[in-house]
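Given next are the chains, with one letter for each unit.
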Amino acid sequence: MDTLAAKRTLKKTYQDVRALSYAEKKDEFMNEEKVNAFLDTILDFKTKIKNETKVIYDLNEKIESLTWYSNWDEECIQMLNDLIALCKDLRSSLNRQYYNMSAIRKKGIAKVEIREFKNAINELRETYEDIESVFFFLPQIPEFKETTRKLSLI
Amino acid sequence: MEIYCLPEFLIEFKKLKSKKPYRSLEKDIITYFFDPKKTESLHFQSGTNLNNSITTPYIKKRLNGSGGYRFYFLLLIKDEKIYLLFVHPKSGPDGAENITDESKAELYKKVLLAIESENYLKVSCDKERNQLTFSPLLEINKIETPDEQPPRNNR
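Residues numbered from 1 in each chain as written. Chains lettered and ligands numbered in written order. Predicted model: local features only at pLDDT ≥ 70, side-chain atom pairs only at ≥ 80, totals over all residues.

Novice: Which residues make up the overall build of chain B, and what values do they have?
Specialist: Summing up its helical and strand segments, chain B has four helices and seven strands in all. Its helices and strands taken in sequence order, chain B reads β-α-α-β-β-β-β-α-β-β-α from the N to the C terminus. Of all 155 residues assigned to chain B, the portion counted as buried reaches 34%. Put simply, 52% of the contacts in chain B that link residues at least 6 apart link residues at least 24 apart. (Helix = DSSP H or I, 4+ residues; strand = E, 2+ residues; numbered from the N terminus. Buried ≥ 20, exposed ≤ 12 C-beta atoms within 10 Å, placed from the backbone. Contact = placed C-beta atoms within 7 Å.)

Novice: I'd like a rundown of the environment of Tyr69 of chain B, residues and numbers included.
Specialist: Here Tyr69 of chain B is to be found in strand E4 (residues 69-76). Put simply, Tyr69 of chain B and Ser91 of chain B are 22 residues apart on the chain and 8.3 Å apart in space, counted from C-alpha to C-alpha.

Novice: Describe unusual backbone geometry, and please don't skip the residues or the numbers.
Specialist: Residue and element names in this part refer to chain B. Backbone geometry at Asn52 places phi at a positive 55°, although glycine is not the residue there. With respect to the helices and strands, the residue Asn52 is situated in the loop between strand E2 (48-49) and strand E3 (58-63). Looking at Asn52, the number of C-beta atoms within 10 Å reads 20, which means it is buried. Notably, Asn130 is not glycine yet its phi reads approximately 55°, a positive angle. Here Asn130 lies in the loop between strand E6 (121-126) and strand E7 (131-136).

Novice: Please give an account of the interface of chain A and chain B that cites residues and values.
Specialist: Taken together, the contact between chain A and chain B spans 24 residues of the former and 23 residues of the latter. Listed by contribution, the elements that provide at least two residues to the side of chain A that touches chain B are helix H5 (111-137) and helix H6 (142-152) of chain A. Looking at the side of chain A that touches chain B, its residues break down into eight nonpolar, seven polar and nine charged. (Nonpolar A, V, L, I, M, F, W, Y, C, P; charged D, E, K, R; others polar.)

Novice: Summarise the confidence of the model for chain B; cite the residues concerned and give the values.
Specialist: All names here are of chain B. Overall, the prediction assigns chain B a mean pLDDT of 87, with 88% of residues at 70 or greater. Every residue in residues 148-155 scores below 50 in pLDDT, and together they form zero contacts with partners more than four places removed in sequence or on other chains. Quick note on the complex model: pTM equals 0.82, ipTM equals 0.82. (pLDDT = per-residue confidence, 0-100.)

Novice: Give me the lowdown on the pairing of E4 of chain B, citing residues and values where you can.
Specialist: Residue and element names in this part refer to chain B. Summarising burial for E4: seven of the eight residues are buried, a large majority. Following E3, the chain reverses through five residues before pairing antiparallel with E4; Asn64 in that reversal takes a positive phi of roughly 65°. Counted between consecutive antiparallel strands, the loop separating E4 from strand E5 (residues 81-89) contains four residues, among which Glu80 sits at a positive phi close to 55°. (Pairing = 2+ DSSP bridges.)

Novice: Any chance you could break down the confidence of the model for chain A for me, citing the residues and the numbers?
Specialist: Taken as a whole, chain A shows an average pLDDT of 92; of its residues, 97% reach a score of 70 or greater. The spread of mean pLDDT over the elements of chain A runs between helix H1 (residues 2-26) of chain A, the lowest at 88, and helix H3 (residues 74-100) of chain A, the highest at 96.

Novice: I'd love a proper account of the sheet that holds E7 of chain B, names of residues and values included.
Specialist: Residue and element names in this part refer to chain B. A sheet is described by the order of its strands in space; here seven strands give the open sequence E2-E3-E4-E5-E1-E6-E7, paired in mixed fashion. Since the sheet does not close on itself, it has two edges, and those belong to E2 and E7, each with one partner. As paired strands, E4 and E5 are joined by eight bridges and run antiparallel to one another. Residue pairing for E5: Tyr72 is matched across the bridge by Phe86. The strands that helix H1 (residues 7-17) touches are strand E1 (2-5), E5, E6 and E7; relative to E5, the one it contacts most, it runs at about 40°. (Axes fitted to C-alpha atoms, helices over the stretch in contact; angles between N-to-C directions.)

Novice: Describe the packing of H3 of chain A against H5 of chain A, naming the residues involved and giving the relevant values.
Specialist: How two helices pack is summed up by the angle between their axes together with the distance between the axes. Residues and elements named next belong to chain A. Contact geometry for H3 and H5: axes closest at 10 Å, N-to-C directions at 160°. One finds that H3 runs roughly antiparallel with respect to H5. Seen from above, H3 lies across H5 with left-handed handedness. Facing Ile77, Leu80, Ile84, Cys87, Lys88, Leu90, Arg91, Leu94, Asn95 and Tyr98 of H3, the residues of H5 in contact are Phe117, Lys118, Ile121, Leu124, Arg125, Tyr128, Ile131, Glu132 and Phe135. Class assignment for the residues of the contact of H3 with H5 results in 13 nonpolar, one polar and five charged. (Parallel < 35°, antiparallel > 145°, perpendicular 65-115°, else oblique. Left-handed = near helix turned anticlockwise from the far one by under 90°.)

Novice: Describe the pairing of E7 of chain B, and please don't skip the residues or the numbers.
Specialist: Residues and elements named next belong to chain B. The sheet contact formed by E6 and E7 spans six bridges and is antiparallel. Opposite Leu121, over in E7, you have Pro136 as the bridge partner. With antiparallel pairing between neighbouring strands as the criterion, E6 and E7 make up a hairpin whose turn holds four residues, including Asn130 at a positive phi of roughly 55°.

Novice: Requested: an account of the environment of Leu132 of chain B, with residues and values cited.
Specialist: Residue and element names in this part refer to chain B. When you line up the elements, Leu132 lands in strand E7. For the pair Leu132 and Ile29, spaced 103 residues apart in the sequence, the C-alpha separation amounts to 8.7 Å. Non-local contacts of Leu132, meaning those with residues more than four positions away in its chain, are made with Glu26, Ile29, Ile30, Val123 and Cys125.

Pasting the structure below:
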């Protein structure tokens, strides 16, 4: 009885290994093509996120460059105020995208690229906050105004 | 361009430089502020112009992405001088968020007082050793204009 059962199990196992071996030879689970396709998807994702990051950094620079213009009239200041509101909205959308990447990030995929993307978003926030300071808050600080006046005399 | 710094900047620089995550700070300062190609003040007119001034811009400049630093400096265009006021890293143990408007105003006032009292340091770069040297301005002035020798007694 034991011998018969053993023979049956052996035969079944033999058939399973044979079938799997044949299937693997015919269609490898991790063949080169599939691995390459997987790596290409990661590379594609990395390129997309790098491009997106560069767009944000460029935008930050453009916003910063506004502080080098002077003699703003009321209309420009109002437009600037609208621009700051738009930037806040943009940051919320970008932050949502960043949080959607958390699963990828946790698996360690494109870690450096995602970190730089997050930095670009943080810098966007810093940039519009600084713009707000330059045009709306710092000029309201009497000491700051006085320092500017004194420095202009040096 | 002549580069100077506030004593507070030197304190912050030394503190950061002694910490492992900020070993690149000295090199980063040399690369940006002592680049031989940057011979005119125009090359430093980027970043945020905090006082919106054309002649004496008070600049905040971010360098080197996520692991980088924020530099605050004053540019005297007419005199071709830069005064480094403050540096703070974005990440690591001393990493911090943006400083407040009050702190920006305070730093700004400090540099004015430092210029008025000549209480600042000259920053030079030893290119061969890739090192920065800081010399107090009052000492430099002493060397450049030595005190008159007291009259000798010739008896």
